[in-house]
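Chain residues, written in single-letter form:
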Amino acid sequence: MMTSEIRETSPPIAAGVWIAVISSFINGSTFVLQKKGILRSRKRGGSYLKDGVWWSGTLSMIVGQIGNFLAYNAAPAVVVTPLGALGVLFGAVLASYILQEQLNVLGKLGCVLCCCGSVVLIIHSPKSESVTSSLELEDRLADPVFVTYSLLVVLLLVVLIVWVAPAHGTSNIMVYVSICSLLGSFTVTSSKGLGLAAQDAFSGGPSSSRALGLFLGLLGTLSVSILVQFTFINKALEHYSSNMFEAIYYVTFTSTVLTASAILFREWTAVGLVDCLGMLCGLTTVAVGVLLLRFSSEASLTWKQAAKGPDKMD
């Protein structure tokens, strides 16, 4: 009987894993293609909205997000999320050929540490409890702890978007990364909730009207989050290396998604000492990786300024 259960549950999970792998490679090309389009339009003196390469990157983002949506509803998030590291590494390779963004030794090491640290963090993170109905999901969403967390995130986003981004967005990459990552805590939870709410909303059952309201609310939240993310991702790509942005964004995105999931599903009570130490090691590894990426960026900028010096003097 156990064998038959495995046979019944394995195909959807396997399909979700394959979808996640393909989506990771597609998402890895997104930032590179959009950055290329921005650079091309900047040379022509026009808007990147008229550039075909930028639109190919945007199309890749849409396809990748659809793939993520299917993967998160077919396999556990703890399996799907680590596979995003493949997109970071693929994007770094692609950027070296298309954008000539060559990472130095520190940058390459930082990129690898960010990916490895994130995977360790995910492995030792609390595992999601199963939610089987839209009513149960609605109960979790109305939990005071999650509501408080959501309000704090919205307040922080307002401060970042309205006051911090206009003043410091072009000089500190963490401003745009923080905005996009905090929005990620809404996109992933909304994506997983949509699949659950849709089953009850269109089943024609007694709770279908209530589930339909939940479905529309989650769909609206997802749409707004994606649109704002899309805007600030392009703002970041206008000013920063796609390699560095993608690596740091993956780390912070993963951290915020895990935090939101843990609060929504009340998972922290099940975390043991080993998992706490594992998450601490993962966070430490990630922090070192981010620092190396920042040092790599500053070293590259110093080198470019030094290289331009003699030309200006001539």
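Residues numbered from 1 in each chain as written. Predicted model: local features only at pLDDT ≥ 70, side-chain atom pairs only at ≥ 80, totals over all residues. Heavy atoms only, no water.

- Under an unreviewed UniProt entry, the name given to the chain is Magnesium transporter NIPA1, and the organism recorded is Salvelinus namaycush.
- The Subcellular location (unreviewed entry) comment attached to the chain in UniProt states, word for word, "Membrane".
- You can read under Sequence similarities (unreviewed entry) in the UniProt record for the chain the words "Belongs to the NIPA family." (UniProt positions renumbered as here; feature names shortened; annotations may be inferred.)

What about the packing of helix α2 (residues 52-74) against helix α9 (residues 208-239)?
Geometry of a packed helix pair, given as the angle between the helix axes and the separation of the axes.
Piece 1. Orientation of α2 relative to α9, taken along the N-to-C sense of each, is 140°, at an axis distance of 13 Å. Between α2 and α9, the interaxial angle falls into the category oblique. With respect to the hand of their crossing, α2 and α9 are arranged in right-handed fashion. Of α9, the residues touching α2 (which contributes W54, T58 and M61) are F230, I233 and N234.
Piece 2. Residues that form the contact of α2 with α9 fall into these classes: 4 nonpolar, 2 polar and no charged. (Axes fitted to C-alpha atoms, helices over the stretch in contact; angles between N-to-C directions. Helix = DSSP H or I, 4+ residues; strand = E, 2+ residues; numbered from the N terminus. Parallel < 35°, antiparallel > 145°, perpendicular 65-115°, else oblique. Left-handed = near helix turned anticlockwise from the far one by under 90°. Contact = heavy atoms within 4.5 Å. Nonpolar A, V, L, I, M, F, W, Y, C, P; charged D, E, K, R; others polar.)

Here we look at the environment of L219
Piece 1. Take L219: it is sitting in helix α9.
Piece 2. Residue L219 is classed as partly exposed on the basis of its relative accessible area, which comes to 35%. (Buried < 20%, exposed > 50% of the residue type's maximum accessible area, 1.4 Å probe, protein only.)

Structural notes on the confidence of the model for the chain
Piece 1. Per-residue confidence for the chain averages 79 on the pLDDT scale, and 79% of its residues sit at or above 70.
Piece 2. Within the chain, no element has a lower average pLDDT than helix α3 (residues 77-80), which sits at 66, and none a higher one than helix α7 (residues 144-168), at 94.
Piece 3. Of the regions scoring below 50 in pLDDT, residues 1-9 engages in 1 contact with residues more than four places distant in sequence or in other chains. (pLDDT = per-residue confidence, 0-100.)

Topic: the side chain of E246
Piece 1. Within the secondary structure, E246 sits in helix α10 (residues 242-264).
Piece 2. Within the buried core, E246 has no salt-bridge partner, and the shortest N-O distance to an opposite charge, that of K35, equals 12 Å.
Piece 3. Aside from chain neighbours lying at most four places away, what touches E246 is N27, G28, F31, G87, V88 and G91. (Lys, Arg positive; Asp, Glu negative; His and termini not counted. Salt bridge = Lys/Arg side-chain N within 4 Å of Asp/Glu carboxyl O.)

Let's talk about the pattern of salt bridges
Piece 1. Taken as a whole and judged by the stated rule, the model has 4 salt bridges.
Piece 2. Its salt-bridge partner being R40, residue D51 comes within 2.9 Å of it at the nearest N-O pair. Placement of the pair is D51 in the loop between α1 (2-44) and α2 and R40 in helix α1, with a sequence separation of 11 residues.
Piece 3. Residue classification places R40 among the partly exposed positions, given a relative accessible area of 35%.
Piece 4. Across the pair R210 and E138 runs a salt bridge whose closest N-O atoms are separated by 3.1 Å. Taken together, the residues R210 in helix α9 and E138 in helix α6 (residues 134-141) connect sequence positions 72 residues apart.
Piece 5. You can call E138 partly exposed: its relative accessible area is 25%.
Piece 6. Here the residues in one salt-bridge network are R40, R44 and D51, joined through shared partners.

Observations concerning the packing of aromatic side chains
Piece 1. With the rule as written, the count across this model stands at 10 aromatic pairs.
Piece 2. The interplanar angle of 85° and the centroid separation of 4.9 Å between the aromatic rings of W54 and W55 together place this pair among those described as edge-to-face.
Piece 3. Residue class for W54 comes out buried when judged on its relative accessible area of 1%.
Piece 4. Seen in terms of ring centroids, F146 and Y149 are 6.4 Å apart; in terms of plane orientation they differ by 35°. Their pairing is tilted. With F146 and Y149 both in helix α7 and 3 residues apart, the pair spans about one turn of that helix.
Piece 5. The class for F146 is buried, based on a relative accessible area of 8%.
Piece 6. Assessed through its relative accessible area of 15%, Y149 is described here as buried. (Phe/Tyr/Trp six-rings, centres within 6.5 Å; stacked < 30°, edge-to-face > 60°.)

A look at the environment of N73
Piece 1. Looking at where N73 falls in the secondary structure, it is placed in helix α2.
Piece 2. Sequence separation between N73 and G193 is 120 residues; the distance between their C-alpha atoms is 8.9 Å.
Piece 3. Those residues in contact with N73 that lie beyond four places of it in its chain are S191, K192 and G195.

Considering α7
Piece 1. Taking 1.5 Å per residue as the helical rise, α7 with its 25 residues ought to reach 36 Å, and the 33 Å between its terminal C-alpha atoms agrees with that figure.
Piece 2. Along α7, the positions that sit buried rather than exposed are F146, Y149, S150, V153, L157, L160 and A165.
Piece 3. Packing partners of the buried residues in α7 comprise α6, α8 (173-201), α9 and α10.
Piece 4. Here α7 starts with a cap whose side-chain oxygen sits 2.9 Å from the backbone nitrogen of V145, and that cap is D143. (Expected span 1.5 Å × (residues − 1). Polar contact = N/O pair within 3.5 Å; in protein donor to acceptor, adjacent residues only side chain to side chain.)

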